[in-house]
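# Residue-level structure breakdown
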Amino acid sequence: MQWFVAKIVYQIISGNGDHTPQFDEQLRLISADTREDAWRRACQIGVQEQYAFKNQRQEMVEWRFINVPEVNNLSSLDDGMELYSRIEEPEDANAYISWLQVKAAHLKGPSLIDKRA
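All of these numbers come straight from a predicted model, not from anything done at the bench. (Residues numbered from 1 in each chain as written. Predicted model: local features only at pLDDT ≥ 70, side-chain atom pairs only at ≥ 80, totals over all residues. Heavy atoms only, no water.)

### Focus: the sheet that holds strand β3 (residues 51–54)
As summarised here, the arrangement of the four strands in space is β2-β1-β4-β3, forming an open sheet in which the pairing is antiparallel. Each having just a single partner strand, β2 (22–32) and β3 make up the two edges of the open sheet. Strand-to-strand twist in this sheet, taken as the mean axis angle between neighbours without regard to direction, amounts to 25 degrees. The pairing of β3 with strand β4 (residues 60–74) spans four bridges and is antiparallel. Across the sheet, residue Ala-52 finds its bridge partner in β4, namely Glu-62. On the sheet, helix α1 (residues 35–48) packs against β1 (2–14), β2 and β4 and is oriented at approximately 165 degrees with respect to β4. (Pairing = 2+ DSSP bridges. Helix = DSSP H or I, 4+ residues; strand = E, 2+ residues; numbered from the N terminus. Axes fitted to C-alpha atoms, helices over the stretch in contact; angles between N-to-C directions. Contact = heavy atoms within 4.5 Å.)

### Some points on the pattern of salt bridges
Across all of its chains, the model carries six salt bridges by this definition. The closest approach of N and O atoms between Lys-7 and Glu-70, which form a salt bridge, is 3.1 Å. Of this pair, Lys-7 sits in strand β1 while Glu-70 sits in strand β4, and the two are 63 residues apart along the sequence. Looking at Glu-70, the relative accessible area reads 33%, which means it is partly exposed. The shortest N-O distance in the salt bridge between Glu-59 and Arg-57 comes to 3.2 Å. A residue is classified by how much of its surface remains accessible, and Glu-59, at 29% relative accessible area, is partly exposed. (Salt bridge = Lys/Arg side-chain N within 4 Å of Asp/Glu carboxyl O. Buried < 20%, exposed > 50% of the residue type's maximum accessible area, 1.4 Å probe, protein only.)

In structure tokens, the structure reads:
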């Protein structure tokens with residue numbers, strides 16, 4: 001068995017879908033004999049994990065499986081190795097950076113914030 005990283009993509013549809021298109025790109029660790037087997041397993045996961053629920057406005061919100069566009073073999077696991085890279089092009093760079101800082105602050109916790117200073 002080998003380890004692979006597969007990208008599973010879902011489209012997020014709220015209500016009648018009259019909104020800015022949203023896609024959830026998930027990286028999943030897959031154990032398989034071949035790249036093709038890893039792709040098939042990732043597709044199975046994608047189909048199995050589709051779901052829908054009603055939001056606060058009683059509109060249906062759906063995670064619809066689109067496909068598995070990438071499967072990469074992990075020949076070894078090394079500290080700091082790159083698993084995924086994506087270039088973002090936000091309309092407002094400052095808002096994007098602020099959003100990243102807020103998310104990072106939630107991960108750090110008080111003990112890490114104090115050690116960085």
